[in-house]
Amino acid sequence: MSLGCPKALVDSERILTQLRAEGYATSATYHDADLVIVNTCGFIDAAVAESLDAIGEALAENGKVIVTGCLGAKTEGGENLVRKVHGKVLAVTGPHATDEVLQHVHTHLPKRHDQFVDLMPPLPPAGIKLTPRHYAYLKIAEGCNHRCSFCIIPSLRGDLVSRPIGAVVREAENLVRQGVREILVISQDTSAYGVDLRYKLDFVGGRAVKTKMTELVRELAQLGVWVRLHSVYPYPHVDEIVPLMAAGKVLPYLDVPFQHADPRILKLMKRPASGERNVERVAAWRAICPEITIRSTFIAGFPGETEAEFETLLQFLREARLDRVGCFAYSPVSGAAANELPGALPDEVREQRRARVMQVQQEISRQRLQRKIGTAQRVLIDRVGPTVAIGRSAADAPEIDGVVHIKTRRRLAVGDFIEVKITAAREHDLVGVPVD
């Protein structure tokens, strides 16, 4: 059972891959399982509650439970939170702890010798995927070097640890060989990839290449599939990859976690990049690649945020005209430094400000989607039906963005690319028909 973000999903894929390689099988139900592994999220209170509920359900339905993931690293009053709430779990580990999880599985469910299973050929190099066959997440690093005051990720996942570029590219190549049509690059801070290794040289196809974000993007751009970049902080070197987007080598899409626009609030948040020039950055990216899609997330109602500072955020949205925006009302996270800041705002003020952000952004997103009516968009098919297929354009990441509804009786398959003429725009989605 896997909960939480794509990064946790990748951890689950690695655990399942190794278990399958050792001859273990998966079960679709608690009843048929000899053991349950729950991979948890522990970043925000809602995720903690969901994870604890999932652990309780697994204990009630099966009884033999191993817990891993971010929640496994959290403590409360000096005691492990999971064990404090669910004392009957067999074992608890933190995140990205594949070897430790396997050790606990071996202890509580030793693998039986099976001469046929033991002689099976190894799994494909990219391992088991939990996403649909046509897209996959590619995690390039663990942890984060930033100490944002609202975030506890470094305490859960540690400092930045980048994977060597050779290993990352080989995994991407294996995914493409298995039929993946879209690779979604993820980490806590994609722009910082390689900083911890001092951009150490590694080998890619016999060539020495720096373990660096810009070099990685150039290598992935040669694979002939969609490459989508997430968690890209707006550092200056990001400008170097935008021409690749304009040339059609990488999807013209950037997920940039701006979080706010007011300099004082960003300083209180301890964000790694100031907000003064972000409107200029967005304009510069669009000048190079007019079709670029920029999505971001923001926090409204941060401790001490004045009405004027909140208005700075709204004004940024009006000027930057981002394509996709998510906004959260500030919520204290256990263990976060922001909890100690003065000026905590009432719940209703935080929620009102979140709603105002989304109201402003809704009209901006509507206008930007309207601009696509009459254009032809390349769409990757996610689902098919008798008269309507659902796909995503270059502007749409799975699960978090909109989709394209394609009215057609043409026989399509999941993972197909198709050219679609856009005929209408909804609040978040597009509607179209195949280009003849």
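Being a predicted model, the structure only gives us computed values, none of them experimental.

1. Topic: the overall build of the protein chain
So, point 1. Per the secondary structure count, the protein chain includes 13 helices and 20 strands.
So, point 2. Its C-alpha atoms give the protein chain a radius of gyration of 23 Å, near enough to 22 Å, the size a compact globule of 436 residues would have.
So, point 3. Dimensions along the principal axes, computed over C-alpha positions, put the protein chain at roughly 60 × 60 × 50 Å.
So, point 4. Out of the 436 residues belonging to the protein chain, those deemed buried represent 53%.
So, point 5. Counting contacts in the protein chain only where the partners sit at least 6 residues apart, residues at least 24 apart contribute 72% of the total.
So, point 6. Per element, the accessible surface of the protein chain, about 20200 Å² overall, is 53% carbon and sulfur.
So, point 7. Averaged over its 55 positive side-chain charges, the protein chain has a centre that lies 5 Å from the centre of its 53 negative ones.

2. A look at the environment of alanine 425
So, point 1. Tracing the backbone through its elements, the reader meets alanine 425 in strand 19 (residues 417-425).
So, point 2. In sequence terms alanine 425 and proline 6 are 419 residues apart; their C-alpha atoms lie 28 Å from each other.
So, point 3. Once you skip the residues sitting within four places of it in the chain, alanine 425 turns out to touch Leu369, Gln370, Ile373 and Leu430.

3. Re the sheet that holds strand 19
So, point 1. The 5 strands are arranged 16-17-18-20-19 in a closed barrel whose pairing can be described as mixed. Direction aside, the axes of adjacent strands within the sheet are offset by 55° on average.
So, point 2. Note that strand 19 and strand 20 (residues 430-434) share 5 bridges and pair antiparallel. Paired with alanine 425 across the two strands is leucine 430, which belongs to strand 20.

4. Observations concerning the packing of aromatic side chains
So, point 1. As enumerated under the stated definition, the model contains 7 aromatic pairs in all.
So, point 2. Ring geometry for tyrosine 135 against tyrosine 137: centres 6.4 Å apart, planes inclined by 90°, an arrangement best described as edge-to-face. The exposure classification of tyrosine 135 matches that of tyrosine 137, with both residues buried.
So, point 3. Centroid distance phenylalanine 258 to phenylalanine 316: 5.4 Å. Interplanar angle 75°. Geometry classified as edge-to-face. Of this pair, phenylalanine 258 sits in the loop between strand 13 (253-255) and helix 10 (263-269) while phenylalanine 316 sits in helix 12 (residues 307-320), and the two are 58 residues apart along the sequence.

5. Some thoughts on the pairing of strand 9 (residues 182-186)
So, point 1. The buried count for strand 9 comes to 5 of 5 residues, which makes it a mostly enclosed element.
So, point 2. Side chains of strand 9 alternate between two faces, with Glu182, Leu184 and Ile186 and Ile183 and Val185 buried alike.
So, point 3. Pairing of strand 6 (residues 135-139) with strand 9, which is carried by 5 bridges, proceeds in the parallel orientation. Opposite alanine 136, over in strand 9, you have isoleucine 183 as the bridge partner.
So, point 4. The pairing of strand 9 with strand 12 (residues 226-229) spans 4 bridges and is classified as parallel. What sits directly across from isoleucine 183, in strand 12, is valine 227.

6. Some details on unusual backbone geometry
Across residues other than glycine, the phi torsion is negative in most instances, and most of the peptide bonds are trans.
So, point 1. The backbone of serine 231 shows a phi angle near 55°, a positive value even though the residue is not glycine.
So, point 2. Along the chain, serine 231 turns up in the loop between strand 12 and helix 9 (242-246).
So, point 3. The residue arginine 321 is not glycine, and still its phi comes out positive at about 50°.
So, point 4. The class for arginine 321 is partly exposed, based on a relative accessible area of 27%.

7. A look at the environment of alanine 338
So, point 1. Summarising the element assignment, alanine 338 is placed in the loop between strand 15 (324-329) and helix 13 (347-370).
So, point 2. On the basis of relative accessibility, which here comes to 1%, the residue alanine 338 falls in the buried class.
So, point 3. Residues contacting alanine 338, with those up to four places away along its chain left out, are Ser149, Phe150, Phe302, Pro303 and Tyr330.

8. Brief notes about helix 11 (residues 278-288)
So, point 1. Listed as buried for helix 11 are Asn278, Val282, Trp285 and Arg286. What you see down the axis of helix 11 is that its buried residues fit within an arc of 95°, all on one side.

9. Brief notes about the confidence of the model for the protein chain
In low-pLDDT regions, the fine details of the predicted coordinates are not to be read closely.
So, point 1. Looking at the protein chain, pLDDT values average 90 and 94% of them are 70 or higher.
So, point 2. The weakest mean pLDDT in the protein chain belongs to helix 5 (residues 115-118) at 48; the strongest belongs to strand 12 at 98.
So, point 3. Throughout residues 119-125 the model reports pLDDT below 50, and contacts reaching past four residues in sequence, or to other chains, amount to 7 contacts.

10. As for the sheet that holds strand 1 (residues 36-40)
So, point 1. The parallel open sheet is built from 3 strands, whose spatial order is 1-2-5. Of all the strands in the sheet, just strand 1 and strand 5 (91-92) have a single pairing partner and so form its edges.
So, point 2. Across the sheet, helix 2 (residues 45-61) lies against strand 1 and strand 2 (65-69), angled at about 175° from strand 1, the strand it touches most.
So, point 3. Packing against the sheet, helix 4 (residues 98-108) makes contact with strand 1, strand 2 and strand 5, and its axis sits at approximately 175° to strand 2.

11. Section: the nonpolar core
So, point 1. Ranked by internal contacts, the top residues of the largest apolar core, which has 55 residues, are Leu229, Leu254, Trp285, Phe298, Leu317 and Leu322.
So, point 2. Per-element tally for this core: the top contributor is helix 12, with 6 residues.
So, point 3. If sequence neighbours within four positions are ignored, leucine 254 has contacts with Leu229, Val232, Val238, Ile241, Met245, Trp285, Ile292, Thr293, Ile294 and Arg295.
So, point 4. Formed by 16 residues, the second largest nonpolar core is a distinct cluster that contains Val48, Leu59, Leu71 and Val92.

12. A closer look at the packing of helix 7 (residues 165-177) against helix 8 (residues 213-220)
How two helices sit against one another is set out by the angle between their axes and by the gap between those axes.
So, point 1. Close contact between helix 7 and helix 8 brings their axes to 11 Å; oriented N to C, the two are set at 25°. Judged by the inter-axis angle, helix 7 sits roughly parallel to helix 8. For helix 7 against helix 8, the interelement crossing comes out right-handed. Between helix 7 and helix 8, the contacting residues are Ile165, Val168, Val169 and Ala172 on the first element and Glu215, Leu216, Glu219 and Leu220 on the second.
So, point 2. Taken together, the residues that form the contact of helix 7 with helix 8 break down as 6 nonpolar, no polar and 2 charged.

Calculation notes
In every chain, residue numbers begin from 1 and rise along the written sequence. For this predicted model, a pLDDT threshold of at least 70 governs which residues receive local features, and a threshold of 80 or more governs which side-chain atom pairs are given and counted, while totals over whole chains, interfaces and linings are taken from all residues. To get the side-chain values, all heavy atoms of the structure are used, and hydrogens and water are removed first. Only DSSP runs of H or I with at least four residues qualify as helices, and only runs of E with at least two residues qualify as strands; both kinds are numbered from the N terminus onward. In this treatment the radius of gyration is a C-alpha quantity, and the globule benchmark scales as 2.2 Å times the residue count to the 0.38 power. When accessible area is computed with a 1.4 Å probe and restricted to protein chains, residues below 20% of their type maximum are described as buried, those above 50% as exposed, and intermediate ones as partly exposed. Any two residues having at least one pair of non-hydrogen atoms within 4.5 Å are treated as being in contact. Here the accessible surface of atoms and residues is derived via Shrake-Rupley with a 1.4 Å probe, and residues count as covered only by protein chains that are part of the display. We count Lys and Arg on the positive side and Asp and Glu on the negative side, and we leave His and both chain ends out. In this description, the location of a charge corresponds to atom NZ of lysine, CZ of arginine, CG of aspartate or CD of glutamate. When DSSP finds at least two bridges between two strands, those strands are taken to pair. Here the axes come from fitting lines to C-alpha atoms, over the contacting stretch only for helices, and the angles between their N-to-C directions go from 0 to 180 degrees. For Phe, Tyr and Trp, rings pair up if their centres lie within 6.5 Å, where Trp contributes its six-membered ring, and each pair is then called stacked (planes under 30 degrees apart), edge-to-face (over 60) or tilted (otherwise). The reported arc concerns the directions from the helix axis to the C-beta atoms and nothing else. Note: pLDDT gives the predictor's confidence per residue, expressed from 0 to 100. Buried Ala, Val, Leu, Ile, Met, Phe, Trp, Tyr and Cys residues that are joined via side-chain atoms within 4.5 Å together make up what is termed a nonpolar core. Here roughly perpendicular refers to angles of 65 to 115 degrees, roughly parallel to angles under 35, roughly antiparallel to angles over 145, and oblique to all remaining angles. Here is the rule for handedness: rotate from the far helix to the near one, and if that takes an anticlockwise turn smaller than a right angle the crossing is left-handed, while a clockwise turn gives right-handed. Throughout this entry, Asp, Glu, Lys and Arg are counted as charged residues, while Ala, Val, Leu, Ile, Met, Phe, Trp, Tyr, Cys and Pro are counted as nonpolar. The remaining residues, Gly among them, count as polar.

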